[in-house]
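# A structural walkthrough
Here's the letter readout for the chains.
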Amino acid sequence: MFRIAKTFSRGARLFSSSSIARTTSLHHLTPEETMFKEAVAKFAKDVISPRVREMDEKEMLDKTVLQGLFDNGLMGLEVPSQYGGSEASFMSAILVIEQLAKVDPAVATLCDVHNTVVNTVVRMYGTEAQKEKYLAPLATEKVGSFCLSEAGAGSDAFALQTRATKSGNKWILNGTKMWISNSYEADIFLVFATVDPSLGYKGITCFIVEKDWGVQVAKKEQKLGIRSSSTCVLSFDNVEVPEENVLGEIGKGYKYAIGILNEGRIGIGALMTGLAQGAVDSAIPYTFQRKQFGQFIGDFQGMQFQFAQVQTEIEAARLMTYNAARLKEEGKPFVMEAAMCKLYAAQVAKKAAALAIEWTGGVGFTRDLILEKYYRDVMVGQIYEGTSNVQLQTIAKMLKPKYA
Ligand SMILES: Cc1cc2nc3c(=O)[nH]c(=O)nc-3n(C[C@H](O)[C@H](O)[C@H](O)COP(=O)(O)OP(=O)(O)OC[C@H]3O[C@@H](n4cnc5c(N)ncnc54)[C@H](O)[C@@H]3O)c2cc1C
């Protein structure tokens, strides 16, 4: 097994994205980013691809795939090397997610949530002791989950009811979380709970919780798509959390959640772009093997114009995603661009996944091809990390001051 992350370490830092004058195209990648992109594409082809169908049918992640993600440094992408991470750029993480999603959007979801959400929150707001204790295992052996949503708190996430009550030098957590990615495999949970409901969103606090302290998987959801990415209902029934496991400041959890979901959306933009490309790449070759009316169906202009149109839209989604990622790396405002890339990439991916089935006719409608899986997987792009309407709301809110 090749170790992706470690092959490039110090040398590549000389070419970090921020040190390159960005007068180049959005496709210009640093040597480190190119290395990640190519190596992950190979890992996805060699290790994930042969297992995609079985994982989907069993609705279970294959242990070899998970171990491979850790072994190749893909679960600690932006984590500093002192904690065993790959110390890669944000753009590298985006490229990794895109490449994984081309082959399996479910595996890409696991990697995306773990890296761009869980690891980043610990990296940004954790104390040195918390980073030593949790970031190192997250980068090397333990899966993490981000537990914000609840039955009554989806788009309105800060309506959450999970309660944290102080008792001596501990916090006691009680509540139920819904739709939590990675939670079947996870050992480390970032749990958002309110320390005082009368404070509204200002009571929301983030806690680092270990599974062994009593986190219960109440139900593993059976889903339409990304079925090997676990999504569970979690119960917290008098779970005792030491006070040193408050992440960041009490009452600032809402801020951390908004911040991380804003940048996490760029990851979903990448995921949907990869999914769209994967669907198209899997479908078009068939059209140059299948003949009707005495010629390859892919040679009909009616088909070719569709290939051209959808590839143009995928390229637009990709550029929007890369642009949002570069803006974030450059420390520039990126929230509107992140919302736009997530919104648009999810729309394009939905179109691409549907066309891929149309182009391959009856065979594309069966499980003989993988296209029906892309079609099922794609629907989540409009739901998680903020629905499409929530992205529109964000974009509209940021547009209004320009005009009113
Ligand atoms: C597979 C999967 C994985 C997930 N992983 C996680 C995770 O790891 N951690 C986590 O915390 N959560 C996770 N979620 C939860 C996800 O973030 C929520 O499902 C999402 O935010 C939407 O919330 P909801 O499902 O309650 O839908 P609702 O908020 O009920 O929305 C239903 C519909 O109403 C629309 N709507 C709602 N409010 C408005 C409004 N103000 N204006 C216009 N339209 C509106 C929505 O756009 C949507 O179309 C996951 C969900 C799924 C499906």
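Source: prediction; values computed, not measured.

### Let's talk about the overall build of the protein
Summing up its helical and strand segments, the protein has 14 helices and 10 strands in all. Relative to the 2.2 N^0.38 estimate, which gives 22 Å for 404 residues, the radius of gyration of the protein is 21 Å and therefore close to what a compact globule would have. Overall, the protein is about 80 × 55 × 45 Å in size when its C-alpha atoms are taken along their principal axes. Expressed as a percentage of its 404 residues, the buried residues of the protein come to 49%. Of all intrachain contacts in the protein linking residues separated by at least 6 positions in sequence, the fraction that spans at least 24 positions is 73%.

### A few points about the domain arrangement of the protein
Domains assigned within the protein are domain 1 (4–142), domain 2 (145–251) and domain 3 (261–403). Between the C-alpha centres of domain 1 and domain 3 there is a distance of 21 Å. Counting only elements with at least two residues in the side of domain 1 that touches domain 3, the list comes to α4 (52–58), α6 (90–103) and α7 (105–125). The element best represented in the side of domain 1 that touches domain 3 is α6, accounting for 10 residues.

### Description of the environment of serine 167
For serine 167, the location among the structural elements is in strand β2 (residues 163–167). What makes serine 167 exposed here is the crowd of 10 C-beta atoms within 10 Å.

### Some points on unusual backbone geometry
Look at asparagine 182: it is not a glycine, yet its phi comes out positive at around 70°. Judged by local crowding, asparagine 182 falls into the buried class, with 25 C-beta atoms found within 10 Å. One non-glycine residue, asparagine 238, adopts positive backbone phi at about 55°. Structurally, asparagine 238 can be placed in strand β7 (residues 231–242).

### Side note on α7
Between its first and last C-alpha, α7 extends 28 Å over 21 residues, near the 30 Å set by a 1.5 Å rise per residue. At asparagine 119, α7 is bent by approximately 30°, the largest bend along its length. With 20 of 21 residues buried, α7 lies mostly within the body of the structure.

### Quick look at the nonpolar core
Among the nonpolar cores identified, the biggest contains 119 residues, and Phe207, Ala352 and Ala356 are the most heavily contacted of them. Top element by residues in this core is helix α11 (residues 335–359). It accounts for 16 residues. In contact with alanine 356, not counting residues within four places along its chain, are Ala279, Val280, Ser282, Ala283, Gly364, Leu371 and Tyr374.

### Overview of the pairing of strand β1 (residues 144–147)
Taking every second residue as pointing to the same face, both faces of β1 are buried, with Gly144 and Phe146 on one and Ser145 and Cys147 on the other. Judged from the four bridges that link them, β1 and strand β4 (residues 188–194) form a sheet pairing that is parallel. Within the sheet, the bridge partner assigned to glycine 144 lies in β4 and is isoleucine 188.

### A few points about the site of the ligand
Around the ligand sit 21 residues, and of these Gly154, Ser155, Ser181, Thr387 and Asn389 come closest. Elements with a minimum of two residues in the shell around the ligand: β1, β3 (170–181) and α14 (388–403). By residue class, the composition of the shell around the ligand is 11 nonpolar, nine polar and one charged. Domain assignment of the residues forming the shell around the ligand places at least three in each of domain 2 (145–251) and domain 3 (261–403).

### Notes on the pairing of β3
Side-chain positions along a regular strand alternate between the two faces of the sheet. Where β2 lies against β3, five bridges are found, and the strand directions are antiparallel. Note on β3: the bridge partner recorded for alanine 164 is leucine 173. Two successive antiparallel strands, β2 and β3, enclose a turn made up of two residues, where glycine 168 displays a positive phi of approximately 65°. The pairing of β3 with β7 spans nine bridges and is antiparallel.

### Digging into the confidence of the model for the protein
If pLDDT is low for a region, its predicted coordinates should not be looked at in detail. With 95% of its residues at a pLDDT of at least 70, the protein reaches an overall mean of 95. For the stretch residues 8–17, pLDDT sits under 50, and the model shows 17 contacts to residues farther than four places along the chain or on other chains.

### A look at the packing of helix α9 (residues 253–287) against α11
Contact geometry for α9 and α11: axes closest at 8 Å, N-to-C directions at 20°. As summarised for this structure, α9 and α11 are arranged roughly parallel, according to the angle between their axes. Of the two elements, α9 crosses α11, and the hand of that crossing is left-handed.

Thresholds, definitions, all that
- Residues numbered from 1 in each chain as written.
- Predicted model: local features only at pLDDT ≥ 70, side-chain atom pairs only at ≥ 80, totals over all residues.
- Helix = DSSP H or I, 4+ residues; strand = E, 2+ residues; numbered from the N terminus.
- Rg over C-alpha atoms; globule rule 2.2 N^0.38 Å.
- Buried ≥ 20, exposed ≤ 12 C-beta atoms within 10 Å, placed from the backbone.
- Contact = placed C-beta atoms within 7 Å.
- Domains from an automatic or database assignment.
- Expected span 1.5 Å × (residues − 1).
- Bend = angle between axes of the 7 residues up to and from the residue.
- Core = buried A, V, L, I, M, F, W, Y, C linked by C-beta atoms within 7 Å.
- Pairing = 2+ DSSP bridges.
- Near = placed C-beta within 6 Å.
- Nonpolar A, V, L, I, M, F, W, Y, C, P; charged D, E, K, R; others polar.
- pLDDT = per-residue confidence, 0-100.
- Axes fitted to C-alpha atoms, helices over the stretch in contact; angles between N-to-C directions.
- Parallel < 35°, antiparallel > 145°, perpendicular 65-115°, else oblique.
- Left-handed = near helix turned anticlockwise from the far one by under 90°.

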